[in-house]
Amino acid sequence: MGMFSRKDKAPKVEQSIGTSNSSVSLNSSGSKGVLNRTSASSFTGNPKSPMSPVKLPKVDLPRPPDPQLDPAGYLRSLGAVRERSRIIFNKALRHELKHFDLDLNKLPDVVTFVAGLIKRDFDAPFTSIPPHGRYQHFSVGGRDRIAQLLSTWPPEVDSTERCRRMIDLFLVSVLIDAGAGTKWSYKSNENGRVYRRSEGLAIASLEMFKTGLFSGDQSNKCQVDKIGLQSLTAEKLAAGLQSRPGNEIAGLEGRTQLLIKLATALHDRTDYFGTDGRPGNLIDYILSHPSTQASSVLIVPLPVLWDVLMNGLAPIWPTSRTAINGVPLGDAWPCQAMSTGGSSWETILPFHKVTQWLTYSIMQPMQSLLNMHFAGTELLTGLPEYRNGGLFVDLGVLNLKKEDVDRGLRNYADNCTRTGVKGVEVAPMFESSDDVIVEWRGVTVGLLDMLCVEVNKALRKELAGNELTLAQVLEAGSWKGGREVAEIHRPNTKEPPILIDSDGTVF
């Protein structure tokens, strides 16, 4: 079969909670079958296409802080991600990068590849494509586990509390969703099937959530709170993730510390998370925020949610990362190509990938269960992680310079010696703070914006006047495409073309 051979669409499933199914190939040949994903609209049975949203009144969005007056505030803002990455991307266009050569002559190949995936797996005009989010990972195998979980709760659990529980689950699940490594897999306690990578971590987090591992209130196991997280240990998380000799998950200690620090963050910000320290309590803060429109349409400026996540979760990030004036910046890194000879903040590239991934993810239950709308979603960027970034490397748009390839291969050899792992499919490796990785991620943000525009052009006829959002292109094309092309190029490990020595807290 060809890479874009037409696959049979998943049959419509009649459920009390409406679904919109699609097939996502685990490899281009289809030899492993398909992995069905379910739209986030199945929370309520009232599917809403991201391409035909409710017409919202205009909402004035707050501007990011002035970087000259508050550089830390600016670099922690969502708007800074695209603005700062644009500087790197423009340098890439001028062939002024330190580590990569950009070949836009290969971009049409990426557009054709991604457009082909979308046409293969979704029916035109592609209104069934859900926005990128954690929800889809819970539906691996065509089973809508979130809808099933919601159906087990009694009617007296109202929509607001249901949404709190979903945010509790999604936040923990996103935080542990760093690269799992090639050794690890998870065998579901419910159906005995084995899952790997992001889907495996999603199923594992869901099953741990249902057993009450993250709850300090055993009368309600299905919640996350500060008491439950305070009692977490690496041993408990390892047991929950089935991590053991021969099945080790990468970055176990980093994941554990992230969740333990989350307990402190939940305790410290009662204004966001309540006295019981639950992530889901952020709903109450947002609903009472002065900027939330008191009208028949509930509208939340996205920067309000962003500030809750950035400020409320600030204590969870490693203190060894970049800081300005003692303020930790989270997922933001110095980049040599940004050097201007000006202020120190101007050398820094912010990404906030996990916070953006979390934002994409928790908007889904808030929209579906509470009919909440967000103004300013266009501020969110493509996620600069190894699947999206790997797509452009594997298809030749980005080419790592020889001296960096050589250095990365030495790093890989050293890592194999240190860990005792036998190299099967060799690739250059770098730590997440390495300038190669930072530059790669910055260019990826710009390339994803360009890809979205070009994919919409390529699919103009099939879209019939509609337009795919960036979140839909991420979901149906670039992230999936990065995974599939990695499987083609490296079938044994399925790893990206550039490896990241992760601590379990970045990707």
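Residues numbered from 1 in each chain as written. Predicted model: local features only at pLDDT ≥ 70, side-chain atom pairs only at ≥ 80, totals over all residues. Heavy atoms only, no water.

- The chain is annotated in an unreviewed UniProt entry as Uracil catabolism protein 4 of Stachybotrys chlorohalonatus.

### Brief notes about the overall build of the chain
Here comes step 1: A tally of helices and strands in the chain yields 18 helices and 14 strands.
Here comes step 2: Restricting the contact set of the chain to residue pairs at least 6 apart, pairs at least 24 apart contribute 73%.
Here comes step 3: When the accessible surface of the chain is split by element, carbon and sulfur atoms take 51% of a total near 20000 Å². (Helix = DSSP H or I, 4+ residues; strand = E, 2+ residues; numbered from the N terminus. Contact = heavy atoms within 4.5 Å. Areas by Shrake-Rupley, 256 points an atom, 1.4 Å probe, with all protein chains shown as cover.)

### As for the pairing of strand 6 (residues 298-301)
Here comes step 1: Alternating positions in strand 6 separate into two faces, Leu298 and Val300 on one and Ile299 and Pro301 on the other, with burial throughout.
Here comes step 2: Pairing of strand 6 with strand 11 (residues 372-375), which is carried by four bridges, proceeds in the parallel orientation. The residue bridging Pro301 from the neighbouring strand is Ala375, located in strand 11. (Buried < 20%, exposed > 50% of the residue type's maximum accessible area, 1.4 Å probe, protein only. Pairing = 2+ DSSP bridges.)

### Things to note about helix 18 (residues 470-489)
Here comes step 1: Most pronounced at Gly481, the bend in helix 18 amounts to some 35 degrees.
Here comes step 2: Counting buried positions over the 20 residues of helix 18 gives 18, a clear majority of the element. (Bend = angle between axes of the 7 residues up to and from the residue.)

### Observations concerning unusual backbone geometry
Here comes step 1: Of note, the bond from Ala124 into Pro125 is cis; its omega dihedral lies within 30 degrees of zero at 5 degrees.
Here comes step 2: Assignment of secondary structure puts Pro125 in the loop between helix 3 (107-121) and helix 4 (145-151).
Here comes step 3: One non-glycine residue, His95, lies in the positive phi region at around 60 degrees.
Here comes step 4: Topologically, His95 is positioned in the loop between helix 2 (79-93) and strand 3 (100-102).

### Side note on the packing of aromatic side chains
Here comes step 1: Under the definition given, this model contains five aromatic pairs.
Here comes step 2: Pairing Tyr272 with Tyr285 gives two aromatic rings, centres 4.8 Å apart and planes at 80 degrees, and the pair type is edge-to-face. Taken together, the positions of Tyr272 in helix 10 (residues 270-273) and Tyr285 in helix 11 (residues 282-287) put the pair 13 residues apart, joining distant regions of the chain.
Here comes step 3: You can call Tyr272 buried: its relative accessible area is 6%.
Here comes step 4: Owing to a relative accessible area of 24%, Tyr285 belongs among the partly exposed residues under this scheme.
Here comes step 5: Through a chain of ring-to-ring contacts, the aromatic side chains of Tyr272, Phe273 and Tyr285 assemble into a single cluster.
Here comes step 6: Directly above the ring of Phe138 sits Arg134, whose terminal nitrogen or CZ lies 5.9 Å from the centroid. (Phe/Tyr/Trp six-rings, centres within 6.5 Å; stacked < 30°, edge-to-face > 60°. Lys NZ or Arg CZ within 6 Å of the ring centre and 35° of its normal.)

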